[in-house]
Amino acid sequence: MNYQRRLFNFRPLVIILLALIIGTIIAFLRLVLPSFIVITILSVYIAVLLAFTVISIIYKKPKYYITTILSIIFIVLSCVSVFSVKAEYDREVFSGYTDFNGEVVEIKEYTKLDNENYFRVVAKGKVNGKVNKVSFSVYTDYDIYVGNEISFTGEIIKNTYLNSDGEIYFYSVIDKEYYSDINIKNFNLKDNNLSFSSNLRRSILINLKRFMPDNYGFSYALLLGDTAYLPDKVLEGFRYSGVAHIFAVSGLHVGFLYVFLSKLLKLLKVKNKPKTILTLLALFLYVAFCGFTPSCMRAFLVLTFISLSDLIGVKGDKLSMLSLSAIVISLYNPYYLLSIGFILSYVTYISLLVLTEPIKEFFEKILPSKVAWFLAPYTSAYIGSFPIVISAFGYYSCFAMLFNMIVIPIVSVVFVFNFIAVIGLLISPYLSFISLIPNVIFTALSWFITRVNYFAFIIKNIRFGFSIIIYYLILLFFTKEINLPSKTRGLILKILIFIFILAFSAINIGILP
């Protein structure tokens, strides 16, 4: 019997996600292009998918036409949500003086001065009768916490949904709200009616300030992803050394917590099914407490799908589960599909899934097996994230992989101790001795990161442009996801690398945009 290998393994959820991303990008163009152009492009795209559906039905390929029909349904749902934002940008932008009543939703920056506190605050409330997010600076002799009710009179000085060229500023679209900078007067703060979540955050912060006065910002940022209380010099050091992602609650944190809770419940002799349910419930509460960020939701959903599939005895495909998590998140908010945090989180995780094994096999040819096993995941994440990081932020540390190999193992330990310490402090101040271990490690990490001359290792002024597509095609053909003979794969890789070098060089010397 002749057996012919497919070029790639057909994964319906991956196909649906790709179709959804393309549809969302097309729909998002409505913010910058005339409606009839966008609707025409979108109609042609859906028509192609419908044609493929009809062909699949004729040839009796249910797997294909069901996938295509679901793709079209999700595209339509996404487009309805994306198109709704256009009305927000068509409305009149308010400027001038206004009264504001609302709630603090984020502390962007905090500095302890000699006789007062400086806060950079984001609050949500009504401006000129419409719900708006506003940002402002305020000096107080008291603390401000997320959840505080506030009121003031202020003058709107900038609406940041527009950039300097008068074009739509993407990041304000994520929440479908405007962000306005305001000069404030007559600031009033109400320290009552805090929600349970806000009260818990405040209690955690107060306890950490009391028992970890030098490192409370580090502890709070590692636990909840809030860097407002982290010293500027420390945060800058982590950013430029390429390890600031430890302060963005993601798969790293959710994974650590999952392993810790699973081991704890296993020691307590909890059976497998209730152990899984209790662990996932605890993770959901943690993700909700951290604000349902894209990276946090991605990690939680993937872990949930894997755990549930193991529970019912079904072997799940991790790429399909990852795609399903992205589809769920896009239904929650389709704009996340185009946010840097979402893209970086998913590209890094995909790189770990598909690049780690071939890179490990390559390293094993020149290195001991254990060394290859240790280096492979770090190399995968580094290679996969590099173009996106440098394109989005304008710089990348060429020693980011080395710094991650030093910091991540330490953080994996200190995160668990920090979590236990925070819980202990909430229970009783007599358990404050638990905070000694994370406190010492935070001090050591802060000392190390602030003494590294990270600017000497920074890569800047590199542009990828459209060559980023060729870059990821090279990585795709390097993986085992494309089933090709070795000679054919090698030839394609050589051609793609040659084209990439030409395109990348032309872009960076100014021949191509």
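Structure: above.
The structure reproduced in this document is the subject of the present report. Given the structure is predicted, the values throughout are model-derived calculations rather than measurements.

## Brief notes about the nonpolar core
Side chains of a nonpolar character, in soluble globular proteins, are inclined to be buried together. Ranked by internal contacts, the top residues of the largest apolar core, which has 113 residues, are I107, F136, Y229 and F238. No other element matches helix α13 (residues 400–427), which puts eleven residues into this core. Apart from residues no more than four positions distant in its own chain, Y229 is found in contact with I107, Y110, F119, I144, L205, Y216, G217 and Y220. Ranked by size, the runner-up nonpolar core spans eleven residues in total, among them A27, V38, I72 and C79.

## A word on a nonpolar patch on the surface
Together, F466, I469, L473, L476, I509, I511 and L512 make up a nonpolar patch on the protein surface, roughly 650 Å² of accessible area in all. Structurally, the position occupied by L473 is in helix α15 (residues 467–478).

## Observations regarding the pattern of salt bridges
A full pass over the atoms with the stated rule returns seven salt bridges. Two residues, K360 and E357, come together in a salt bridge whose shortest N-O distance is 3.8 Å. Here K360 and its partner E357 are both found in helix α11 (residues 340–363), three residues apart, which amounts to about one turn of the helix. Assessed through its relative accessible area of 16%, K360 is described here as buried. We note a salt bridge from E361 to K480, for which the minimum N-O separation is 2.6 Å. Residue E361 is located in helix α11, and its partner K480 is located in the loop between α15 and α16 (486–508); the two are separated by 119 residues in the primary sequence.

## Notes on the packing of aromatic side chains
Summed over all chains, the structure comprises 29 aromatic pairs. A ring pair is formed by Y110 and Y229, whose centres lie 5.1 Å apart and whose planes are at 50 degrees; its orientation type is tilted. Of this pair, Y110 sits in strand β1 (residues 96–112) while Y229 sits in the loop between α5 (216–224) and α6 (232–240), and the two are 119 residues apart along the sequence. Take Y110 and Y229: they sit in the same class, and that class is buried. A ring pair is formed by F464 and F504, whose centres lie 5.2 Å apart and whose planes are at 55 degrees; its orientation type is tilted.

## Some details on the environment of N186
Looking at where N186 falls in the secondary structure, it is placed in strand β5 (residues 179–190). On the basis of relative accessibility, which here comes to 60%, the residue N186 falls in the exposed class. Counting along the chain gives 87 residues from N186 to D99, while the straight-line C-alpha distance between them is 9.9 Å. Setting aside residues up to four positions removed in sequence, N186 forms contacts with S151, F152 and T153.

## Some remarks on the packing of α5 against helix α14 (residues 436–449)
Interaxial distance between α5 and α14 falls to 10 Å at its minimum, and their mutual angle equals 100 degrees. One element, α5, and the other, α14, form an angle in the roughly perpendicular class. Residues F218, S219 and L222 of α5 pack against F442, L445 and S446 of α14. Here the contact of α5 with α14 is composed, by residue class, of four nonpolar, two polar and no charged.

## Looking at α5
α5 sits mainly inside the fold: nine of its nine residues count as buried. Taken together, the buried positions of α5 are Y216, G217, F218, S219, Y220, A221, L222, L223 and L224. Count one or two residues on from α5 and you reach G225, which has phi positive near 75 degrees.

## Comments concerning the side chain of S325
Tracing the chain through its elements places S325 in helix α10 (residues 318–332). At 2.8 Å, the side chain of S325 forms a polar contact with the side chain of Y346. Not counting residues up to four positions away in its chain, the partners in contact with S325 are R298, L301, V302, F305 and Y346.

## Details of unusual backbone geometry
Phi is positive for K60, close to 55 degrees, though the residue is something other than glycine. Within the secondary structure, K60 sits in the loop between α2 (35–58) and α3 (62–90). At N461, a residue that is not glycine, the phi angle is positive and equals roughly 55 degrees. One can find N461 in the loop between β7 (458–460) and α15.

## What to know about the packing of helix α9 (residues 294–311) against α11
Their axes nearest at 8 Å, the elements α9 and α11 cross at an angle of 40 degrees. Taking contact as the criterion, the partners of P294, S295, R298 and V302 in α9 are, on α11, F342, S345, Y346 and Y349. In terms of residue class, the contact of α9 with α11 is made up of five nonpolar, two polar and one charged.

## Overview of the state of the cysteines
Put plainly, a disulfide is one covalent bond tying together the sulfur atoms of two cysteines. Scanning all chains against the criterion turns up zero disulfides. With no disulfide of its own, C290 lies 4.9 Å from the sulfur of C296, the closest cysteine sulfur. Accessibility expressed as a relative area gives 0% for C296, which makes it buried.

## Details of helix α8 (residues 272–289)
Helix length check: α8 (18 residues) gives 26 Å between terminal C-alpha atoms against 26 Å at 1.5 Å per residue, within 8%. Every buried residue of α8 is listed here: K275, T276, T279, L280, L283, Y286, V287 and F289. Along its buried surface, α8 packs onto α4 (196–211), α5, α7 (251–267), α9 and α13. Looking one or two residues beyond α8, the residue adopting positive phi is G291, at roughly 95 degrees.

The rules behind these values
Residues numbered from 1 in each chain as written. Predicted model: local features only at pLDDT ≥ 70, side-chain atom pairs only at ≥ 80, totals over all residues. Heavy atoms only, no water. Core = buried A, V, L, I, M, F, W, Y, C linked by side-chain atoms within 4.5 Å. Buried < 20%, exposed > 50% of the residue type's maximum accessible area, 1.4 Å probe, protein only. Helix = DSSP H or I, 4+ residues; strand = E, 2+ residues; numbered from the N terminus. Contact = heavy atoms within 4.5 Å. Patch = residues over 30% accessible without salt bridge, like charges linked within 9 Å, V, L, I, M, F, W, Y side chains within 5 Å. Areas by Shrake-Rupley, 256 points an atom, 1.4 Å probe, with all protein chains shown as cover. Salt bridge = Lys/Arg side-chain N within 4 Å of Asp/Glu carboxyl O. Phe/Tyr/Trp six-rings, centres within 6.5 Å; stacked < 30°, edge-to-face > 60°. Axes fitted to C-alpha atoms, helices over the stretch in contact; angles between N-to-C directions. Parallel < 35°, antiparallel > 145°, perpendicular 65-115°, else oblique. Nonpolar A, V, L, I, M, F, W, Y, C, P; charged D, E, K, R; others polar. Polar contact = N/O pair within 3.5 Å; in protein donor to acceptor, adjacent residues only side chain to side chain. Disulfide = S-S within 2.5 Å. Expected span 1.5 Å × (residues − 1).

Purely geometric numbers; function is a separate question.
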